[in-house]
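Coordinates in review
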Amino acid sequence: MRALIVDPAVHARGGHHHAAVKRLQAELTQLGIEAPCVGSTFATPDIDLVCIPSFRSSVYGRDYSGSDQYESRVAQMSRELSRALRRHGVWPDILILPCCDQVLAASVAQVLRRNPLKPAPQILMWLLYGPHHLLAPEDRAAETFASESRGAFTSLLEAVGERRRIAAYCETEAMGAFYRRLLPFDVNVEPGPGMALSVAPRAARPAHHRPNVTMIGFANRAKGYRLLPEAILKVLPQDSTSTFTIHGIVAGSDAEDEAWIFDRLGALGPRVASRRDILEEADYLRLLSRADLLLLPYDPDIYRSRGSGVVTAARRLGIPIVAPSECAFARPAFDEGWGVAFSSYGAEGLADAIVEALGRLDVLRTRASAIAAGTKDELSSILQAAVEAARARRRHGVADTIRGLLGRALQAE
């Protein structure tokens, strides 16, 4: 059994792309399956993954300037994937796309069509973004790219041959509903791969404990880091005991010119700590273990339907959150009583929500801990299902390939 993970955005340690591939490789190793990754040509030597550097661009490099750009990117990416497969030397039984968009889907479809005598792999994918990664899927400005997406994923289904060979997931029900209307196969809802997290009950805080408010992750513009200096400045005089730990990776983000944010945070006094380093897994988990409240002030114009790896971690670890009311990733936290929403997106709205959350932190913690105790990480089951489906197909490999070739021939007539 052979698996291959394909993510053109994997290029360095840190961030959800790296975490996803690392977790997938670890889980598949437990199943006795090697799963190298095809990643970016810019992958750093210390990436600590089994990685084949191949792709010169990813979804983040696209400016959505027109159909010519889409078609040229598909042509380039399919060539790069074909070369990677030749370098790998083994045709995969399972192809895992932890961050799939229409360019990658169309590229995979082209590669499969170039290899008609090889059985199409079982495909497992997560659709983390809408067709335009910087717009909410419902935004009218993204309609053109929805047509691209429909065509790309239809092409992939035709190349694979059967719906049952594709298992697709989104991280939120809102994103899942959007893609179900658009794509010709089923789309389920499940968090994307991320760090394996312990769900052991969080230790009780001592009576003298000073609550720590934390933000963590890549400091992309859409994450709302720019709201923090003013918001925290408003909170500090209203809550005399809380402390703040703000982590954001600026290098490699789309907001490298906003490093000033961390300079301003560092000038707010001893109760505010900021850091910009790339975190090892142990450091990331250590920061989360110290957090009493997590901030996710993500721009709702971009995150209206999207998921968040940080909120997935918060759910599994029992950490209350603060987030904009319009963000789908936070809706379960609001409904289940372990999240505080703010509807006025800005520093003042964020500050008011932080003060409210700190005022009823004990209740939020209790509810978050109860939810964490009942939350199960389904990734192992998802991978096991993909492996079983691929094994079943291998048992019928020759007949399966003949049926696939006949089906493609009929489609071409």
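Not measured: the values here are computed from a predicted model.

Their axes nearest at 10 Å, the elements helix 4 (residues 143-160) and helix 5 (residues 173-182) cross at an angle of 65 degrees. When the axis of helix 4 is compared with that of helix 5, the two are roughly perpendicular. Note that helix 4 runs across helix 5; the crossing there is right-handed. On helix 5, the residues that touch Ala-146, Ser-149 and Arg-150 of helix 4 are Phe-178, Tyr-179 and Leu-182. A per-class count over the contact of helix 4 with helix 5 returns four nonpolar, one polar and one charged.

Within the largest apolar cluster, 63 residues are counted, with the highest numbers of intra-cluster contacts made by Leu-228, Leu-294, Leu-296, Ile-321, Val-322 and Phe-329. Looking at this core element by element, the count peaks at seven residues for helix 12 (residues 347-359). Filtering out sequence-adjacent residues up to four positions away, Leu-228 remains in contact with Met-215, Ile-246, Leu-265, Leu-295 and Leu-350. By size, the runner-up hydrophobic cluster in this structure holds 44 residues, among which are Val-74, Ala-106, Ala-109 and Ile-166.

Another point: the environment of Gln-238. Within the secondary structure, Gln-238 sits in the loop between helix 6 (228-235) and strand 9 (243-247). C-alpha separation for the pair Gln-238 and Ala-26, spaced 212 residues apart in sequence, amounts to 45 Å.

Side-chain pairs of opposite charge can arise whenever the charged atoms involved come near each other. Using the criterion set out here, one finds 22 salt bridges in the structure. Between Glu-173 and Arg-180 there is a salt bridge; the shortest N-O distance is 2.7 Å. When its relative accessible area of 46% is taken as the criterion, Glu-173 is described as partly exposed. Across the pair Asp-292 and Arg-365 runs a salt bridge whose closest N-O atoms are separated by 3.1 Å. Here Asp-292, found in the loop between helix 8 (281-290) and strand 11 (293-295), pairs with Arg-365, found in helix 13 (residues 361-373); they are 73 residues apart in sequence, far enough to count as distant. Side by side, Asp-292 and Arg-365 carry an identical accessibility label, which is buried.

It is worth spelling out helix 12 at this point. Three- or four-residue spacings in an α-helix give side chains the same orientation, since the helix completes a turn every 3.6 residues. Counted at 1.5 Å a residue, the expected span for helix 12 with its 13 residues is 18 Å, and the 18 Å between its end C-alpha atoms agrees. For helix 12, every residue scored as buried is listed here: Ala-347, Gly-349, Leu-350, Ala-351, Ala-353, Ile-354, Ala-357 and Leu-358.

Mapped onto the elements of the fold, Thr-245 is located in strand 9. Side-chain polar atoms of Thr-245 contact the side chain of Asn-212, separated by 3.0 Å.

With that settled, the discussion passes to the sheet that holds strand 8 (residues 212-215). Taken in spatial order, the six strands make up an open sheet running 10-9-8-11-12-13, and their pairing is parallel. Each of the sheet's edge strands pairs with one partner strand only, and the pair in question is strand 10 (272-275) and strand 13 (339-342). Direction aside, neighbouring strands of the sheet carry axes that sit 20 degrees apart on average. With four bridges connecting them, strand 12 (residues 321-324) and strand 13 associate as parallel partners. Opposite Pro-324, over in strand 13, you have Phe-342 as the bridge partner.

The rules behind each value
- Residues numbered from 1 in each chain as written.
- Predicted model: local features only at pLDDT ≥ 70, side-chain atom pairs only at ≥ 80, totals over all residues.
- Heavy atoms only, no water.
- Axes fitted to C-alpha atoms, helices over the stretch in contact; angles between N-to-C directions.
- Helix = DSSP H or I, 4+ residues; strand = E, 2+ residues; numbered from the N terminus.
- Parallel < 35°, antiparallel > 145°, perpendicular 65-115°, else oblique.
- Left-handed = near helix turned anticlockwise from the far one by under 90°.
- Contact = heavy atoms within 4.5 Å.
- Nonpolar A, V, L, I, M, F, W, Y, C, P; charged D, E, K, R; others polar.
- Core = buried A, V, L, I, M, F, W, Y, C linked by side-chain atoms within 4.5 Å.
- Buried < 20%, exposed > 50% of the residue type's maximum accessible area, 1.4 Å probe, protein only.
- Salt bridge = Lys/Arg side-chain N within 4 Å of Asp/Glu carboxyl O.
- Expected span 1.5 Å × (residues − 1).
- Polar contact = N/O pair within 3.5 Å; in protein donor to acceptor, adjacent residues only side chain to side chain.
- Pairing = 2+ DSSP bridges.

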